[in-house]
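Architecture and fold: a report
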Amino acid sequence: MTRWVLAHRWPVVLVWLVLFLVGGAMTSGTIDRLTYESRLPGKPAQEANDTLAQRFAQTGGKNAPLLLVVTLPEGIAADSPDVRGQWGDLIAKVTPEGGRSVSYASTGDDSLLSEDRRTTVALVYPPANPTNAPYEQSLPAIKKTVEQTKISGAQVELTGQPVLSGRDSGAQRGPIYETLIGALGALVVLALVFTSGLAIVPLLMAAVAIPTTFLLVRGITGITDVSFIVQFLVALIGLGIAIDYALLVVTRWREERDKPGADGPDPEARKEAIVRSLNSAGHAVALSGATVAISLAALVVLPVPFLRSVGYAGLLIPLVSVAVALTLLPVLLYAWGDKLDRPRRAYRPDSGMWGRIARFTTRRPALSALLSGAVLLALAAPVLALSLGQPATSTLAKGGQPAAAFERIVDAGFGEGIARPVEVLVDAGSAESVNEKLAGIEGVAGSVAPQEWQGDGRRIVDVWTSADPSSGDGRDAVTRVVDTARETAGGLAGGGPAQDADFIDAVYGSLGPILIFVGLLTFIVLARTLRSVVLPLKALVLNALSTCAAYGVVVLIWQKGYGSELLFDTPAVGAVTIWIPMAVFAFLFGLSMDYEVFILHRIRETHLELAAKGGTDTTIPSVVTGISRTGRLVTSAALILFLAFTALASIPITDVKVFATALAAGIIIDATVVRGLLTPALVTLLGRSNWWFPRALGRLLVTAPGRTPGPRSPSASRPETEGRSTEPAGARSSESGRPGPV
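Counting of residues starts from 1 at the beginning of each chain's written sequence and follows it residue by residue. For a predicted model such as this one, the threshold for reporting local features is a pLDDT of at least 70, and the threshold for listing and counting side-chain atom pairs is 80 or more; totals across whole chains, interfaces and linings nevertheless cover every residue. To obtain the side-chain values, all non-hydrogen atoms of the structure were used and water was disregarded.

Helix and strand counts for the protein chain come out as 27 helices and 11 strands. Here the C-alpha atoms of the protein chain give a radius of gyration of 30 Å, agreeing with the 27 Å that 2.2 N^0.38 yields for 742 residues. Along the first, second and third principal axes, the C-alpha atoms of the protein chain reach 100 × 50 × 45 Å. Across the 742 residues that make up the protein chain, the buried fraction comes to 57%. Partitioning the intrachain contacts of the protein chain with sequence separation of at least 6 by distance along the chain shows that 79% fall at a separation of at least 24. Surface accessibility follows the Shrake-Rupley procedure with a 1.4 Å probe radius. Residue values consider only the protein chains on display as shielding. For the protein chain, the exposed surface amounts to about 29000 Å²; the carbon and sulfur share of it is 60%. Between the mean site of the 64 positive side-chain charges and the mean site of the 62 negative ones, the protein chain shows a separation of 16 Å. Runs of H or I in DSSP of at least four residues are treated as helices and runs of E of at least two as strands, each being numbered from the N terminus. The quantity called the radius of gyration is restricted to C-alpha atoms. Its globule counterpart is 2.2 Å times the number of residues to the power 0.38. We call a residue buried when its accessible area falls under 20% of the maximum for its residue type, exposed when it is over 50%, and partly exposed in between, using a 1.4 Å probe and counting protein chains only. Contacts are assigned to residue pairs that have any heavy atoms within 4.5 Å of one another. In this tally Asp and Glu are treated as negative and Lys and Arg as positive; neither His nor the chain ends contributes. To locate a charge, the coordinates of NZ of Lys, CZ of Arg, CG of Asp or CD of Glu are taken.

This is the structure in structure tokens:
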């Protein structure tokens with residue numbers, strides 16, 4: 001294919017130029033078409049929330065209420081006529097047209113009054129808009145009114161999850177700023193790698209790949225809803241992947257350019273250097289793209305439109321980046337490669353530092369595997385404490401007036417769950433009895449069923465738990481409430497906590513079959529390429545461990561709070577949002593496999609070269625050569641992705657920060673502990689078993705015999721008509737089911 005691309009350079013450039021220009025021009029419009037909706041079609045909580053939105057003017061449902069609270073001075077009771085009247089007037093004033101609210105003033109319900117009668121709280125549900133800041137239209141006026149109001153000398157305060165989480169701000173920005181920061185960091189790394197004008201080449205490939213991906217995402221938005229998070233993933237993950245793939249090809253091109261037959265300035269020599277580099281590095285890039293795409297297929301098959309849209313866009317990122325690296329990049333290297341490689345220096349493919357690390361690892365493989373494995377397991381251990389759910393309100397309540405107000409609500413005995421009630425919709429005639437029944441459930445702190453919250457023969461009952469719905473006790477109480485409500489004739493249970501439970505079931509209910517599908521497909525692709533059973537299995541196990549280590553880091557930073565404020569100036573959230581672990585697995589599993597592919601592909605290549613020369617002990621030299629020639633590349637590629645994820649973590653959305661933390665931690669762990677130490681140690685320990693590949697499996701996977709890489713001779717370009725293999729005898733013997741000499 002590379003020769004065809006080089007023979008049709010102008011059409012190739014023209015196609016990519018059109019895609020770049022059209023994609024760039026339409027990027028802003030594409031972002032405008034993205035949605036903030038997160039639906040669960042066919043789930044009971046979604047049905048309840050949809051019904052609430054339709055019958056009650058887009059109030060409540062998955063959107064948590066605003067909370068107004070006042071604590072009166074000693075000797076003044078909130079249930080006194082004067083205070084009750086003032087409180088009722090205020091709540092009526094701050095409730096927007098079409099909104100709904102409930103307070104002690106309107107219901108006389110003791111659930112909204114503290115035991116000492118001095119503190120009272122009201123719930124206000126403004127009509128919501130479908131954005132990341134649902135109350136942005138009404139909240140400024142509510143804040144202003146509350147700030148200006150005192151009752152019996154006590155200041156009224158405003159709090160609630162929308163305020164505490166920062167979702168009261170409607171300011172949203174695109175990913176341009178973060179992408180520029182990530183690109184600048186990548187340019188610094190590339191400048192250190194190439195020390196020449198070639199540093200700009202991978203960035204140019206990313207500059208083409210990102211708008212092209214946005215153009216394809218535009219097409220998807222015409223078919224289905226696409227989450228707003230996709231814009232950040234395409235821009236920043238697309239930046240990192242496109243640069244990484246181009247970096248691999250350009251690095252190999254510099255190496256091939258110094259070999260006989262490809263080291264001259266004439267057109268044929270230039271073409272030969274590019275063809276050779278694409279025959280090796282291009283194959284690794286295509287394989288890497290395939291593994292990333294396979295892991296992202298885990299999101300596409302989920303019954304959650306939000307995550308499916310992330311999967312669709314995620315699939316496009318590696319596919320477009322591979323296409324750019326295999327078509328546009330060869331043309332650029334042919335036309336400008338030598339000119340950009342100034343000042344030109346002798347290229348040394350082997351890294352001295354990584355060579356020393358590889359030699360140490362292969363001399364003491366058991367010790368290296370034990371130590372690096374222990375580090376990996378220690379990092380992964382906190383994943384056992386992983387808690388899925390929305391951030392606990394108490395973890396958001398740190399610093400500032402809204403935080404102090406919520407702490408006062410909890411201290412007054414209203415229960416943490418009041419910030420996120422379960423909204424139950426029942427027949428109006430049975431509302432009072434259902435309210436009484438739900439209030440008596442273990443773990444419930446309060447419930448209300450205002451007369452005003454009814455329409456079309458249906459009435460809302462709000463129920464909240466003593467413990468936060470994200471905690472174990474709170475989740476159990478929510479389950480009891482939801483089960484009881486749904487057992488009632490015509491009863492529907494919605495609200496944020498009920499939807500969270502359905503979300504967990506939708507995302508993780510089929511986790512086992514999805515993991516088996518991704519693992520099996522990845523194994524087939526790797527086994528077919530590496531012609532080994534052991535190496536793909538090892539890669540899958542190490543990828544699973546490195547992904548668990550990334551989860552462990554997230555638990556430590558964002559759930560336990562070790563460093564969230566220091567690193568991100570954001571309090572720990574106490575729980576990991578439900579979609580994040582699945583999305584992290586889909587992206588990180590494939591991205592981590594990139595480095596495994598780069599390394600194992602080079603190790604196998606060296607093994608075949610040595611075996612072709614009659615070598616019988618190829619494992620250690622293959623590992624040393626493979627690590628020394630890919631260590632610098634993998635480190636640079638990982639650093640570029642790390643910088644892209646760091647830029648992603650600067651997005652002012654906490655969920656995105658948590659997601660980016662997991663990806664950044666996973667990439668660094670994978671490129672250092674796993675690929676730099678554990679992989680070479682295990683390959684060394686496995687010895688000749690690395691190349692075990694039964695002939696029957698080869699026939700099943702329809703693989704062609706492995707070939708020794710190297711310069712093409714005229715005879716090598718002719719078709720094989722006698723069915724003879726150029727694979728070394730040592731490698732062939734491993735296909736019979738018996739390990740060959742290594």
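So, on to the pattern of salt bridges. By salt bridge we mean one thing: a side-chain nitrogen of Lys or Arg within 4 Å of a carboxyl oxygen of Asp or Glu. Following the criterion strictly, the structure yields 28 salt bridges and no others. In this structure, the salt-bridge partner of aspartate 505 is lysine 43, at a minimum N-O distance of 2.8 Å. You can see aspartate 505 sitting in helix 19 (residues 496-508) and its partner lysine 43 sitting in the loop between helix 2 (9-32) and helix 3 (44-55), a full 462 residues away along the chain. Overall, the relative accessible area of 45% leaves aspartate 505 in the partly exposed class. Taking the shortest distance from any N to any O, the salt bridge between aspartate 338 and arginine 257 comes out at 3.1 Å. Of this pair, aspartate 338 sits in helix 12 (residues 305-340) while arginine 257 is found in helix 10 (residues 230-257), placing the two residues 81 residues apart along the sequence. Salt bridges linked by common partners bring Arg252, Glu255, Glu256, Lys259, Arg602, Glu605 and Arg629 together as one network.

Across the sheet, which stays open at both edges, the 4 strands sit in the order 2-3-1-6 with antiparallel pairing between neighbours. Of all strands in the sheet, those bounded by a partner on one side alone are strand 2 (100-102) and strand 6 (157-159). Put simply, the sheet's adjacent strands are angled 25 degrees from each other on average, direction ignored. DSSP calls a pair of strands paired once it identifies at least 2 bridges connecting them. Note that strand 2 and strand 3 (residues 119-125) share 3 bridges and pair antiparallel. Every axis corresponds to a line fitted to the C-alpha atoms, with the helix fit spanning only the stretch in contact, and the corresponding angles, defined between N-to-C directions, vary from 0 to 180 degrees.

On to the side chain of threonine 95, then. Among the structural elements, threonine 95 can be located in the loop between helix 4 (81-94) and strand 2. Classification of threonine 95 as buried rests on a relative accessible area of 17%. Throughout this description, a polar contact denotes any pair of N or O atoms lying within 3.5 Å of each other; where both atoms belong to protein, one of them has to be capable of donating a hydrogen while the other can accept it, and for residues adjacent in sequence the pair is counted only when both atoms sit in side chains. A polar contact of 2.9 Å, which involves the side chain of threonine 95, links it to the side chain of serine 101. Other than its neighbours up to four places away in sequence, threonine 95 contacts Arg100, Ser101 and Val124.

A few words on the packing of helix 18 (residues 472-487) against helix 19. Here helix 18 crosses helix 19 at 95 degrees, and the two axes come no closer than 10 Å. The orientation of helix 18 relative to helix 19 falls into the category roughly perpendicular. Packed against helix 18, whose contacting residues are Val478, Val482 and Arg486, the element helix 19 presents Pro497, Ala498 and Asp502 at the interface. Should an angle fall under 35 degrees it is called roughly parallel, over 145 degrees roughly antiparallel, and 65 to 115 degrees roughly perpendicular, with every other angle called oblique.

Each regular strand displays side chains that alternate between the two surfaces of the sheet. Where burial is concerned, most of strand 10 (residues 458-465) is hidden: 8 out of the 8 residues are buried. Note that strand 7 (residues 422-427) and strand 10 share 6 bridges and pair antiparallel. Across the sheet, glutamate 423 pairs through a bridge with aspartate 462, a residue of strand 10. Strand direction decides the pairing type here: strand 8 (residues 444-448) and strand 10, joined by 4 bridges, are antiparallel. The partner of glycine 446 across the bridge, within strand 10, is tryptophan 464.

Along the chain, the position of histidine 283 falls in helix 11 (residues 267-300). Accessibility expressed as a relative area gives 38% for histidine 283, which makes it partly exposed. Linking histidine 283 and leucine 326, residues 43 residues apart in sequence, is a C-alpha distance of 9.2 Å. When sequence neighbours within four positions are dropped, the list of residues in contact with histidine 283 reads Leu278, Thr529 and His601. A distance of 3.1 Å separates polar atoms of two side chains, one belonging to histidine 283 and the other to histidine 601.

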